[in-house]
Amino acid sequence: KIQVVSESSIHKAVLSAINRAQAGDSIDMAMFYLSEREIVGSLKKAATRGVDVRVLLDVNSDAFGRSKNGVPNRPVASELVKASVAVRWCLTKGEQCHAKWLHVETAQGHEFFIGSANFTGRNLLDLNLETDVRLELGADHPVTRQMREFFEYQWSNTQGREYSADYDAFGDDSFWLTLQYRFMEHTGLSTF
């Protein structure tokens, strides 16, 4: 199945997919900006239920030639790690890890979300015009295999290249970063 979803429809469908995952299922995410509170909470709850949750994030240190302090991903990553979610960082060198990708694997099959939407309030709560494609596929579908390989080679640094680094390489649980992120996400006074 294939479905085009936009704005709050993405939010609703993503939350539904994450919340359906149970012990033994898996969730893999590669995301440029992750800050939307319901999605962050759902990922943490999924890990508590025994879902294998892996999140690959941009460090948020570069944007359009300017240096940034890591908001929102560094405080969100800290929160996720404390909830037993596995987090790695994209190894960028001035560019951005601009992926917006989610894969939820359950006994019923594979569900993918790919498109323009960062998982932020601005992108998912009808403030930006964002569009994703939602795919439901079987385990033997060639696209499922390709998508899984895409994530795995970045997560595991296969093919003789380093695509990602352990959480500790850029992790930051600073109170001030967390406060800044929470304020920016709540008020919408942000660039994400």
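Rules used in this analysis
- Residues numbered from 1 in each chain as written.
- Predicted model: local features only at pLDDT ≥ 70, side-chain atom pairs only at ≥ 80, totals over all residues.
- Heavy atoms only, no water.
- Pairing = 2+ DSSP bridges.
- Helix = DSSP H or I, 4+ residues; strand = E, 2+ residues; numbered from the N terminus.
- Axes fitted to C-alpha atoms, helices over the stretch in contact; angles between N-to-C directions.
- Parallel < 35°, antiparallel > 145°, perpendicular 65-115°, else oblique.
- Left-handed = near helix turned anticlockwise from the far one by under 90°.
- Contact = heavy atoms within 4.5 Å.
- Nonpolar A, V, L, I, M, F, W, Y, C, P; charged D, E, K, R; others polar.

Digging into the sheet that holds strand E9 (residues 131–137)
The eight strands lie next to each other as E1-E9-E8-E7-E2-E3-E6-E10, forming an open sheet whose pairing is mixed. Edge positions in the sheet fall to strand E1 (2–6) and strand E10 (164–166), since each of these pairs with one other strand and no more. In this sheet, neighbouring strand axes are inclined to one another by 20 degrees on average, regardless of whether the strands run parallel or antiparallel. Note that E1 and E9 share five bridges and pair antiparallel. Its bridge partner being in E9, Ser6 is matched across the sheet by Thr131.

Some words on the packing of helix H2 (residues 37–48) against helix H3 (residues 73–82)
Packing of H2 against H3 brings their axes to within 9 Å, and their N-to-C directions diverge by 25 degrees. By the angle between their axes, H2 is roughly parallel relative to H3. In this structure, H2 meets H3 at a crossing whose hand is right-handed. In this structure, H2 contributes Arg37, Val40, Leu43 and Lys44 to the contact, and H3 contributes Val76, Glu79 and Leu80. Here the contact of H2 with H3 is built from residues that sort into four nonpolar, no polar and three charged.

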